[in-house]
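# Summary of the model geometry
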Amino acid sequence: MMKEVNEIIGKVSIFPSTDIKVGSRVRLVISYIVGKRGIDIGGKVKIVIQTASWTPPQLANWQHWNEPANTSVTLTTEGKGSISTEIISVLGHYWVMLITINQAPLRKNDKITIVYGDRRWGSSGIMVQPFPQRDFLLKILVDPEGKGDYVQLPTSPLLNIVSGQVSQLLITTPSIVKVGYPFHFSVVPVDKFRNLPEDAYTGNVDFQEIDKDRISLPGSYIFKTKDKNKKIFTGICKAEGIYRIKVGEGNSIKGISNPIWSKKKVKENIYWGDIHGHSRLSLSDGWKDLDTDGIATVDEYYSYGRDVANLDICALTDHEACVREENLNIDKWVMIQEKAEEYYNPKVNPKDVEESAIKAAKVVGDKDVLILGDPGPLSIKFLKTYRQNN
């Protein structure tokens with residue numbers, strides 16, 4: 001099937017095809033070779049950038065040709081047909097470059113070249129998204145007749161976006177601790193966008209409390225491969241007050257903790273959480289150019305919340321479209337439940353979560369259904385009732 005589509009509709013390639021670092025400035029050259037079907041006058045080629053975190057595609061504004069640095073995309077064609085291009089932002093979630101064939105049809109082996117991040121007139125290139133992704137898809141679709149019947153090219157480029165080098169140390173402590181009692185805090189090496197590094201961090205770090213002699217802290221520590229880029233340490237506050245902990249590797253890689261409120265009597269605590277987020281299981285629910293509006297796998301979502309953000313509460317709230325009756329996939333629902341149970345480590349009172357969720361639900365925006373405990377089998381009737389009432 002892939003070979004047949006390549007021969008009939010065409011194929012696409014991208015340069016460079018090597019790893020790309022998060023937040024870097026790059027120049028991507030996308031080359032589309034027309035298949036034996038050709039593309040009629042009025043036919044279209046669509047390029048979908050499935051996140052708004054990249055530099056917005058911007059065509060040359062010939063009315064202001066002396067401002068070429070604003071141009072991030074240039075397009076050329078080899079063949080008798082000419083092209084016109086429109087840039088579309090869809091609800092601020094993703095970008096579409098829509099190319100229309102004019103004057104004459106494109107024939108077999110004609111070529112369209114798109115330079116995304118063209119540097120010829122002073123642009124520094126496009127900025128890549130700030131989070132890693134192993135299979136970022138630049139989706140290329142072709143409508144040979146211009147009737148809205150698009151075919152996705154199986155050779156649509158997959159990019160491997162990787163983390164940058166460690167540039168800071170993320171320290172997370174409890175918000176409230178009791179004087180004289182041990183508390184645990186974590187140190188995680190991250191890049192400037194707070195992504196875990198690709199390789200094991202092995203730096204030598206030292207601790208310092210800003211108001212000296214108020215917190216008992218460990219000495220220096222050399223991170224080991226077995227730490228898997230996270231280490232838990234223990235401290236003890238010696239007096240009441242609000243403190244922070246500093247950690248650093250020499251003068252280049254540093255970090256400072258969140259505030260620690262040290263009290264003699266602790267009657268309540270502060271918990272931090274995120275009760276709304278999507279994985280790649282979330283179907284786009286009507287945005288026909290997107291397969292999903294989530295990026296991470298379920299494991300990546302929960303592990304980041306646990307190991308990097310150090311959240312007390314983390315809820316995955318994928319679109320109910322992924323388990324809607326017409327898209328029903330019981331395996332997805334079972335997997336979501338199993339992963340929630342796998343990552344569950346009770347340290348927060350569920351009643352506190354329930355009360356916070358009720359307050360959050362009163363805010364205008366997406367509505368989440370938080371199920372505390374075993375949700376049981378998927379209830380299509382419940383989902384239909386929920387949609388009708390919300």
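Check the entry above for the structure.
The following paragraphs examine the structure supplied in this document. (Residues numbered from 1 in each chain as written. Predicted model: local features only at pLDDT ≥ 70, side-chain atom pairs only at ≥ 80, totals over all residues. Heavy atoms only, no water.)

## Let's talk about the sheet that holds strand 6 (residues 73-78)
Read across the open sheet, the 4 strands follow the order 1-4-9-6; overall the sheet is antiparallel. Lying at the two open borders of the sheet, with one neighbouring strand each, are strand 1 (10-15) and strand 6. Across the sheet, the axes of successive neighbouring strands diverge by a mean angle of 15 degrees, strand direction being ignored. The sheet contact formed by strand 6 and strand 9 (residues 111-116) spans 6 bridges and is antiparallel. The partner of Thr77 across the bridge, within strand 9, is Ile112. (Pairing = 2+ DSSP bridges. Helix = DSSP H or I, 4+ residues; strand = E, 2+ residues; numbered from the N terminus. Axes fitted to C-alpha atoms, helices over the stretch in contact; angles between N-to-C directions.)

## As for the packing of aromatic side chains
In total, this model carries 11 aromatic pairs according to the counting rule given. On the basis of an interplanar angle of 80 degrees and a centroid distance of 5.8 Å, the ring pair of Phe185 and Phe207 is categorised as edge-to-face. Taken as a pair, Phe185 in strand 16 (residues 182-190) and Phe207 in strand 17 (residues 204-209) lie far apart in primary sequence, 22 residues in all. A relative accessible area of 1% places Phe185 in the buried class. Considering the side-chain rings of Tyr221 and Phe233, the 5.4 Å spacing of their centres and the 80 degrees angle between planes classify their relative orientation as edge-to-face. Taken as a pair, Tyr221 in strand 19 (residues 221-222) and Phe233 in strand 20 (residues 231-237) lie far apart in primary sequence, 12 residues in all. (Phe/Tyr/Trp six-rings, centres within 6.5 Å; stacked < 30°, edge-to-face > 60°. Buried < 20%, exposed > 50% of the residue type's maximum accessible area, 1.4 Å probe, protein only.)

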